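Summary of structural features
Next come the chains, spelled out residue by residue.
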Amino acid sequence: MPMPHRTYMQVIKRRLVGKEGAERARELRAVLAELPSYRNGPYADLRKWVTAELEASRLRSKVVRRDSIAVRHEGAAQIALVGPPNAGKSSLLQALSNVQIKTGDYAFTTTRPVPALTRINDVLVQLVEIPGLIHGAAEDRGGGRALLGVLRNADAIVFCHDAAAPTAGLEAVRAEVAAAGIELPAIVAATKCDEAEPFAHPELDVVPVSVLDDESLDRLREAVWRLTGLIRVYLRDGEAVALRPPATIVDVARHVHNELAERCTGARVWGPSARFEAQRVGRNHEVAHGDTVDVLTKS
């Protein structure tokens, strides 16, 4: 007896997280081989979805875009790490995600955007390191226009700045971002704070951080989560769901599957939005960060 198709869809999506190109195509082909070969019903729809994803993956692999540095959006939100050269972005990305990337004590160690997934509040969030922006980036100096194009598609910005360096470099980067017309929620990560005193900024919150200090990394993760503006709700099976408030029980159900949203009659709720444990609520009940939800459906 196959597992419920809604659960299978979530399993497939988790298997595809972080996979691109040939690796993604291989995973999709493996999924097709495992799926029941029903011609009708939910599993037939699931096979169609996987087949369409496989075809899209094949088409992307055939298209050569030498000038394209677009980053595929993964996870619940995409956060760009932005700053002047040698501001500690690569080391910070590696510490937050365990991705192995080249780091060095010289400028422009990273020449292309580097995406990586990290888990915050049990939810996958994508971090993207943008190579060091320089004066004139908005006019395409140093390939800045393409880099700013990647930044434009992000959900928020973490400006990275060496705590021991003059803030002129940080302000120059912010000026280029503003000149490109990019306005996103932002904070400043004062990197290498173990080597210098943290500083204050007149407009942005500053989070002192050192890759050698796990507590400072945890504080930065929480600051990044606040930047996303998302709330986290748990399903009864333990899966964490990220939603943009205001969100209701129907929104939670829709995150799992559209069919579940249509059949949803309400839910039992544990957590901040409930007056008591396992409170039964209606479809339009607004959930809160930290809730656990058991979606109820028509019999």
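This structure is a prediction, so every number in the text was calculated from the model and none was measured. (Residues numbered from 1 in each chain as written. Predicted model: local features only at pLDDT ≥ 70, side-chain atom pairs only at ≥ 80, totals over all residues. Heavy atoms only, no water.)

1. A closer look at the overall build of the protein
- What the protein contains, in helices and strands, is nine helices and 11 strands.
- Along the first, second and third principal axes, the C-alpha atoms of the protein reach 65 × 50 × 35 Å.
- In the protein, of all internal contacts separated by at least 6 residues, the share reaching a separation of at least 24 is 59%.
- Looking at the protein as shown, the accessible area adds up to about 15600 Å², and 49% of this sits on carbon and sulfur atoms.
- Side chains of the protein give 39 positive and 38 negative charges; the mean places of these two sets differ by 10 Å. (Helix = DSSP H or I, 4+ residues; strand = E, 2+ residues; numbered from the N terminus. Contact = heavy atoms within 4.5 Å. Areas by Shrake-Rupley, 256 points an atom, 1.4 Å probe, with all protein chains shown as cover. Lys, Arg positive; Asp, Glu negative; His and termini not counted. Charge placed at Lys NZ, Arg CZ, Asp CG, Glu CD.)

2. Some remarks on the sheet that holds strand E9 (residues 264–270)
- Spatial strand order, E8-E7-E11-E9-E10: five strands in an open sheet with mixed pairing. The sheet is open, and its two edges are formed by strand E8 (240–243) and strand E10 (279–282), each paired on a single side. Across the sheet, the mean angle from the axis of one strand to that of its neighbour is 40°, orientation sign disregarded.
- Direction of pairing for E9 relative to E10: antiparallel, over a ladder of four bridges. What sits directly across from Arg268, in E10, is Arg280. (Pairing = 2+ DSSP bridges. Axes fitted to C-alpha atoms, helices over the stretch in contact; angles between N-to-C directions.)

3. Examining the sheet that holds strand E3 (residues 123–129)
- Across the sheet, which stays open at both edges, the six strands sit in the order E2-E3-E1-E4-E5-E6 with mixed pairing between neighbours. Edge strands, defined here as strands with exactly one partner in the open sheet, are strand E2 (114–120) and strand E6 (206–208). Neighbouring strand axes in the sheet, compared pairwise and without regard to direction, differ in orientation by 30° on average.
- By the bridge criterion, three bridges tie strand E5 (residues 186–191) to E6 in an arrangement that is parallel. In the sheet register, Val188 faces E6, and the bridge partner there is Val206.
- Strands strand E1 (78–82), strand E4 (156–162) and E5 of the sheet are contacted by helix H6 (residues 168–179), whose axis makes an angle of about 155° with E4.

4. Considerations on helix H8 (residues 249–256)
- Turning to H8, its buried residues number three or more, namely Ile249, Val250, Val252, Ala253 and Val256. Down the axis of H8, the smallest arc covering the buried residues is 160°, so these residues share one side. (Buried < 20%, exposed > 50% of the residue type's maximum accessible area, 1.4 Å probe, protein only. Arc of directions from axis to C-beta.)

5. Side note on the nonpolar core
- By size, the foremost hydrophobic cluster in this structure holds 30 residues, and its most contacted members are Ile79, Leu92, Val158, Ile187, Leu220 and Trp225.
- Mapped onto this core, the elements with two or more residues apiece are E1, helix H4 (89–97), E2, E3, E4, E5, helix H7 (214–228) and E8.
- Ranked by the residues each element gives to this core, the list is headed by H7, at six residues.
- Sequence-distant contacts of Val158, defined by excluding residues within four places in its chain, comprise Ile79, Ala80, Leu81, Val82, Ile187, Ala189, Val224 and Leu227.
- Core analysis: the second largest hydrophobic core is formed by 28 residues, Val71, Ala138, Ile182 and Ala196 among them. (Core = buried A, V, L, I, M, F, W, Y, C linked by side-chain atoms within 4.5 Å.)

6. Remarks on the packing of aromatic side chains
- Counted according to the given criterion, the structure contains zero aromatic pairs.
- Directly above the ring of Trp270 sits Arg236, whose terminal nitrogen or CZ lies 4.2 Å from the centroid. (Phe/Tyr/Trp six-rings, centres within 6.5 Å; stacked < 30°, edge-to-face > 60°. Lys NZ or Arg CZ within 6 Å of the ring centre and 35° of its normal.)

7. Some remarks on the pattern of salt bridges
- Taken as a whole and assessed by the stated rule, the structure comprises 10 salt bridges.
- Salt-bridge contacts for Arg24 lead to Glu53; the nearest nitrogen and oxygen are separated by 2.9 Å. Of this pair, Arg24 sits in helix H2 (residues 21–34) while Glu53 sits in helix H3 (residues 42–62), and the two are 29 residues apart along the sequence. Grouping residues by exposure puts Arg24 and Glu53 together as buried.
- Note that Arg254 and Asp251 form a salt bridge whose closest N and O atoms lie 3.1 Å from each other. With a gap of three residues between them, Arg254 and Asp251 both fall in helix H8, about one helical turn apart.
- Its relative accessible area of 41% is what places Arg254 among the partly exposed residues. (Salt bridge = Lys/Arg side-chain N within 4 Å of Asp/Glu carboxyl O.)

8. Quick look at a negative patch on the surface
- Together, Asp194, Glu195, Asp213, Asp214 and Glu215 make up a negatively charged patch on the protein surface.
- Here Asp214 falls in the exposed class, since its relative accessible area comes to 57%. (Patch = residues over 30% accessible without salt bridge, like charges linked within 9 Å, V, L, I, M, F, W, Y side chains within 5 Å.)

9. Notes on the pairing of E4
- Of all the seven residues making up E4, seven are buried; the element is thus mostly covered by neighbouring parts of the structure.
- Side-chain alternation along E4 places Ala156, Val158, Cys160 and Asp162 on one buried face and Ile157, Phe159 and His161 on a second face that is also buried.
- Strand direction decides the pairing type here: E1 and E4, joined by four bridges, are parallel. The partner of Ile79 across the bridge, within E4, is Ala156.
- Summarising the sheet, E4 and E5 pair through six bridges and their orientation is parallel. Residue pairing in the sheet places His161 in a bridge with Ala190 of E5.
- As a crossover connection, the stretch from E4 through H6 into E5 is right-handed. (Right-handed = clockwise from strand over helix to strand, strands pointing away.)

From the geometry alone we can't say anything about function, so treat these as descriptive.
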